[in-house]
Amino acid sequence: MSGKRFGWILFVLVLSLGVVGTADGAHRLKWGSTSVRSGLYANTVAMAGAVNRAYPGEIQITVVETGGYVENLVRLQRGTIHMGPADASAGFASYKGILDFEGRPNKDLRALWGGYITPIHILTTKKSGVTTLQGITGLPFALNPGTTSGRLIEFFFEALNIKPDYKLLGLGASPDALKSGVVQGWFKAGYKDAAVLDVESALDINIIPVTPEEVKKMNEKFPGHGKSLTIPAGLFKAVEKNQLSFAYVITDFVRKDVPDDVIFKIVKAVWEDRTNIVEPLKTLQAGNFDDLFGNAVKHGLDVPFHRGAVKFYEEVLKVKVPAHLRPPEM
């Protein structure tokens, strides 16, 4: 085999591994995100921008539009992106190879930080008369397949033996279906979500609270998948007093094979610019995204940190990373 051909094959192999050290010394990485129509796409852009500004010529991150959080986990395992946000419980399922990731464990999955917690509002129309979760059985209910919140709501209702009359709709079509009466229930993730405000401007709705017992049942059937968050009175017109909401945690995952020093610098850049990153998005503010390490412990992150992240937290923040968040290779 000629030296030229061998060199080309080696280059292709390096590309397939994902992290490319170029002739100029820069590490070029792809950070998966969501649809550009989502406000959280802007969050990924903000984080990537913070890293690119902090380490010009060393790290160059390109944000990649994706179909969302479940897709990001699939892309991470296939190596078509290096990092990306996902629901922490789905990340746990992918890491362990359980539930909808049965038989496909991704033991190379690592976490960057704790992320943030955000509620999933479960809505019914006042006209339906349904004010409890159990009342949703048989109710025409919009389901958004392929979305993280849709995945969780299906699991949640299954754990509680709730059987809605699901209507499979897109995120954009669901509010209109509620307004027109095609469905009488829906769900939407996000703290003070614009779609919920839009629906509430057109008709009277209920935002149904959950109980600790219901969340416990979720975790018994689907380990690591039951989270909750208290939302305050007045968040929407339908929320007349503080109430418990079903919730989930969004964090950013990364491939194990990204070099430790690169991850250290990425976490450092996001930490140092965390105030500016959080400021534009109420969801991140309410979910305390800026507590990068604390949220991992508080919200029960079940996927270990990348070694570079552990190094940052212990050497810079001077905290002790618990054993379950230390990767097996340490």
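Reference entry: report on the structure contained in this document. These figures come from a predicted structure and were not determined experimentally.

Cut-offs used in this document
- Residues numbered from 1 in each chain as written.
- Predicted model: local features only at pLDDT ≥ 70, side-chain atom pairs only at ≥ 80, totals over all residues.
- Heavy atoms only, no water.
- Axes fitted to C-alpha atoms, helices over the stretch in contact; angles between N-to-C directions.
- Helix = DSSP H or I, 4+ residues; strand = E, 2+ residues; numbered from the N terminus.
- Parallel < 35°, antiparallel > 145°, perpendicular 65-115°, else oblique.
- Left-handed = near helix turned anticlockwise from the far one by under 90°.
- Contact = heavy atoms within 4.5 Å.
- Nonpolar A, V, L, I, M, F, W, Y, C, P; charged D, E, K, R; others polar.
- Buried < 20%, exposed > 50% of the residue type's maximum accessible area, 1.4 Å probe, protein only.
- Salt bridge = Lys/Arg side-chain N within 4 Å of Asp/Glu carboxyl O.
- Phe/Tyr/Trp six-rings, centres within 6.5 Å; stacked < 30°, edge-to-face > 60°.
- Lys NZ or Arg CZ within 6 Å of the ring centre and 35° of its normal.
- Arc of directions from axis to C-beta.

### Concerning the packing of helix α9 (residues 260-272) against helix α13 (residues 307-315)
The description of two packed helices rests on the angle between their axes and on the distance between the axes.
Phase 1 of the analysis: Here α9 crosses α13 at 50°, and the two axes come no closer than 7 Å. Overall, the two elements α9 and α13 adopt an arrangement that is oblique. Here α9 and α13 pass one another in a crossing that is right-handed. Where α9 abuts α13, its residues Asp-260, Ile-263, Phe-264, Val-267, Lys-268 and Trp-271 lie against Arg-307, Gly-308, Ala-309, Lys-311, Phe-312, Tyr-313 and Glu-315.
Phase 2 of the analysis: For the contact of α9 with α13, the class distribution of residues is seven nonpolar, one polar and five charged.

### Remarks on unusual backbone geometry
Phase 1 of the analysis: Even without being a glycine, Asn-288 presents a positive backbone phi close to 55°.
Phase 2 of the analysis: Examined against the element boundaries, Asn-288 turns out to sit in the loop between α11 (282-286) and α12 (294-298).
Phase 3 of the analysis: A relative accessible area of 36% means that Asn-288 is categorised as partly exposed.
Phase 4 of the analysis: With a phi angle near 60°, Lys-318 is a residue other than glycine that sits in the positive phi range.
Phase 5 of the analysis: Of note, Lys-318 is situated in the segment after α13.
Phase 6 of the analysis: Take Lys-318: its relative accessible area is 65%, and that puts it in the exposed class.

### Focus on the pattern of salt bridges
Phase 1 of the analysis: For the structure on display, the rule yields 14 salt bridges.
Phase 2 of the analysis: A salt bridge links Arg-151 to Asp-100; the nearest nitrogen and oxygen atoms lie 2.6 Å apart. Residue Arg-151 is found in helix α5 (residues 148-159), and its partner Asp-100 is found in the loop between α4 (88-96) and β5 (109-111); the two are separated by 51 residues along the sequence.
Phase 3 of the analysis: The residue Glu-314 makes a salt bridge to Arg-326 at a minimum N-O spacing of 2.7 Å. Within this pair, whereas Glu-314 is found in helix α13, its partner Arg-326 is found in the segment after α13, the two being separated by twelve residues in sequence.
Phase 4 of the analysis: On the basis of relative accessibility, which here comes to 25%, the residue Arg-326 falls in the partly exposed class.
Phase 5 of the analysis: A network of salt bridges, in which partner residues are shared, links Asp-87, Asp-100 and Arg-151.

### Brief notes about the packing of aromatic side chains
Phase 1 of the analysis: Throughout the structure, instances matching the rule amount to 14 aromatic pairs.
Phase 2 of the analysis: A ring pair is formed by Tyr-116 and Phe-289, whose centres lie 6.4 Å apart and whose planes are at 70°; its orientation type is edge-to-face. Here Phe-289 lies in the loop between α11 and α12 and Tyr-116 lies in strand β6 (residues 116-125), a separation of 173 residues in the sequence.
Phase 3 of the analysis: Take Phe-289: its relative accessible area is 1%, and that puts it in the buried class.
Phase 4 of the analysis: When the ring of Phe-156 is compared with that of Phe-246, the centres are 4.2 Å apart and the planes differ by 5°; the resulting orientation is stacked. Pair noted here: Phe-156 is in helix α5 and Phe-246 is in strand β12 (residues 243-255), with a separation of 90 residues, a long-range link.
Phase 5 of the analysis: Its relative accessible area of 0% is what places Phe-156 among the buried residues.
Phase 6 of the analysis: For Phe-246, a relative accessible area of 1% corresponds to the buried category.
Phase 7 of the analysis: In this arrangement the basic side chain of Lys-107 is found over the ring face of Tyr-95, its NZ or CZ atom lying 4.6 Å from the centre.
Phase 8 of the analysis: Sitting over the ring of Phe-236, Lys-192 keeps its end group 5.4 Å from the ring centre.

### Some points on helix α6 (residues 173-180)
Phase 1 of the analysis: Of the positions making up α6, those classed as buried are Ser-174, Pro-175, Ala-177 and Leu-178. Taken end-on, α6 shows its buried residues confined to a sector of 160°, consistent with a single buried face.
Phase 2 of the analysis: Looking at the buried side of α6, the elements it contacts are β6, β7 (140-143), β9 (185-189) and α7 (194-202).
Phase 3 of the analysis: Of the residues one or two after α6, Gly-181 is the one with positive phi, at around 90°.

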